[in-house]
Amino acid sequence: MVVFFYFYIMLNANKSIGIFDSGLGGLSVWKYVAEFLPHESFIYFGDSKHAPYGDKSDAFITERCHHITRFLLDKNVKFIIVACNTATAAAIESLRENYPHIQFVGMEPAIKPASLLSKTGHIGVLATHGTFKGELFKRNQEKYKAYVKIHYTEGKGLVELAEQGKIYSEETENLLRQYLHPLMEKNVDQLVLGCTHYPLFIPLIEKITQGSMHILHPADAIAKRTKDLLMQHRILQTRKNHGENIFF
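Throughout what follows, the structure given in this document is the object of discussion. Because the structure is predicted, anything quoted here is derived from the model rather than measured.

## Things to note about helix 11 (residues 219-232)
Between the first and last C-alpha of helix 11 there are 20 Å, a value that for 14 residues agrees with the 20 Å anticipated at 1.5 Å per step. Every buried residue of helix 11 is accounted for by A219, I222, A223, T226, L229 and L230. Buried residues of helix 11, seen end-on, are gathered within an arc of 135° and therefore sit on one face of the element. Each element contacted by the buried residues of helix 11 is listed here: strand 1 (17-21), helix 2 (27-36), strand 3 (79-82) and strand 4 (103-106). R234 sits one or two residues past helix 11 and shows a positive phi near 60°.

Here is the structure:
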């Protein structure tokens, strides 16, 4: 019985981690988590056909998340990372309710660390409309709004530019300047990136802000939470082989 249980644990540990996003953005999360857990294998699904999610209804996003989850489960994944802030806001509770046999980790805007790190008392959040309207964001906002001034900027058009490969284009830089200059004028010293596409623009953001803002991306917290849950459920890959990656 002990041998069978050990074999069962090892069999599950050898399965891949599923990760999905509305498109390319979740690759910024995959890269961080894959480096943090180098022995794990990953199956990534980018729903670029339906990107961006930020302007879609919660019902539509939830249906897509269920469709992608079933696809990943058919690939026999052991764990799923929802590497999209908008999808997390719209669908994570529904996913957990409908697939209780698997663990989900979702994205959460890094308002807490930004609030703790801020010296000016002003933090900025650059996110999509879908993230701002989500209950998770609203709960985090309520926790810290008495201690810091939170300035919100909706990054309209940025996801589309990322999906088109225009990450370093003049059009992208001009749009980022339009969003970032008001935050700079308000003495924001911590910038929360509330969309997984936005880390692709970090070099441009740093060029525009010239070091005046510390940029927060929650992939670090996602990687640590993923490892913690894998350990808790005894499905962390312990073999010292290098993990494989498959992308859809």
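## Considerations on the layout of surface pockets
Estimated volume of the largest pocket: approximately 700 Å³. Around the largest pocket, the lining is made up of 33 residues, and of these G106, M107, E108, L136 and N140 lie nearest the centre. For the lining of the largest pocket, the secondary structure elements donating two or more residues are helix 4 (85-98), strand 4, helix 5 (111-117), helix 7 (135-144) and helix 11. Examining the composition of the lining of the largest pocket, we find that eight residues originate from one element, helix 4, more than from any other. Of the residues belonging to the lining of the largest pocket, the class tally is 18 nonpolar, six polar and nine charged. Residue lining of the second largest pocket: 12 residues in total, with K78, H101, I102, Q103 and I235 positioned closest to the centre. Counted by class, the lining of the second largest pocket contains six nonpolar, four polar and two charged residues.

## A short note on the sheet that holds strand 8 (residues 214-216)
One open sheet accounts for four strands, arranged 6-5-7-8; its pairing is parallel. Of all strands in the sheet, those bounded by a partner on one side alone are strand 6 (149-154) and strand 8. Direction aside, neighbouring strands of the sheet carry axes that sit 25° apart on average. The sheet strands contacting helix 9 (residues 170-185) are strand 5 (122-127), strand 6 and strand 7 (190-194), and the helix crosses strand 6 at an angle near 170°.

## Things to note about the pairing of strand 5
Taken across its six residues, strand 5 has five buried, putting it largely inside the fold. As defined by bridge partners, strand 5 adjoins strand 6 across six bridges and the pair is classed as parallel. Its bridge partner being in strand 6, G124 is matched across the sheet by H151. Inspection of the sheet shows strand 5 paired to strand 7 by five bridges, in the parallel sense. Note on strand 7: the bridge partner recorded for V125 is V192.

Analysis parameters
- Residues numbered from 1 in each chain as written.
- Predicted model: local features only at pLDDT ≥ 70, side-chain atom pairs only at ≥ 80, totals over all residues.
- Heavy atoms only, no water.
- Helix = DSSP H or I, 4+ residues; strand = E, 2+ residues; numbered from the N terminus.
- Expected span 1.5 Å × (residues − 1).
- Buried < 20%, exposed > 50% of the residue type's maximum accessible area, 1.4 Å probe, protein only.
- Arc of directions from axis to C-beta.
- Contact = heavy atoms within 4.5 Å.
- 1 Å grid on protein atoms, 1.4 Å probe; cavity = no way out; pocket = protein on both sides within 12 Å on 5 of 7 lines; lining within 4 Å.
- Points joined across faces, edges and corners; volume = space filled by probe spheres on them.
- Nonpolar A, V, L, I, M, F, W, Y, C, P; charged D, E, K, R; others polar.
- Pairing = 2+ DSSP bridges.
- Axes fitted to C-alpha atoms, helices over the stretch in contact; angles between N-to-C directions.

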